[in-house]
Amino acid sequence: MAVIMFLFGMWFYKSEGKAAKFLSGYNMKSADERKKYDENAMCKAYGKRMMFMSVPFIIGIIIDI
């Protein structure tokens, strides 16, 4: 599960804003409201957060091995 979370984080980080449609709440906004946001920066921030959240699980896996 941790590896999947990390890979999704990498995908969001490297998507150059194309993965913004998968962010909850953002895809429900109108096109005019979406123009106010920097999709690339938003995806990079979300990707970093997902990768950071997977690190404790990966460390736990390493400790168990």
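Everything that follows concerns the structure shown earlier in this document.
The structure displayed is predicted, hence computed values, not measured ones.

K.L.:
It is not clear to me how a nonpolar patch on the surface should be interpreted in this structure. Could you clarify?
P.N.:
Taken together, the side chains of Met1, Ile4, Phe8, Trp11 and Phe22 define a hydrophobic patch exposed on the protein surface, amounting to about 600 Å² of accessible area. Relative to the helices and strands, tryptophan 11 is located in helix H1 (residues 2-14). Owing to a relative accessible area of 40%, tryptophan 11 belongs among the partly exposed residues under this scheme.

K.L.:
Just checking my understanding: could you explain the nonpolar core for this structure?
P.N.:
General note: in soluble globular proteins, nonpolar side chains tend to be found buried as a group. Within the largest apolar cluster, 7 residues are counted, these being Phe12, Ala19, Ala20, Leu23, Tyr26, Cys43 and Met50. Beyond its immediate stretch of four places on either side in the chain, phenylalanine 12 contacts Ala19, Phe22, Leu23, Cys43, Lys44, Tyr46, Gly47 and Met50.

Rules behind the numbers
- Residues numbered from 1 in each chain as written.
- Predicted model: local features only at pLDDT ≥ 70, side-chain atom pairs only at ≥ 80, totals over all residues.
- Heavy atoms only, no water.
- Patch = residues over 30% accessible without salt bridge, like charges linked within 9 Å, V, L, I, M, F, W, Y side chains within 5 Å.
- Areas by Shrake-Rupley, 256 points an atom, 1.4 Å probe, with all protein chains shown as cover.
- Salt bridge = Lys/Arg side-chain N within 4 Å of Asp/Glu carboxyl O.
- Helix = DSSP H or I, 4+ residues; strand = E, 2+ residues; numbered from the N terminus.
- Buried < 20%, exposed > 50% of the residue type's maximum accessible area, 1.4 Å probe, protein only.
- Core = buried A, V, L, I, M, F, W, Y, C linked by side-chain atoms within 4.5 Å.
- Contact = heavy atoms within 4.5 Å.

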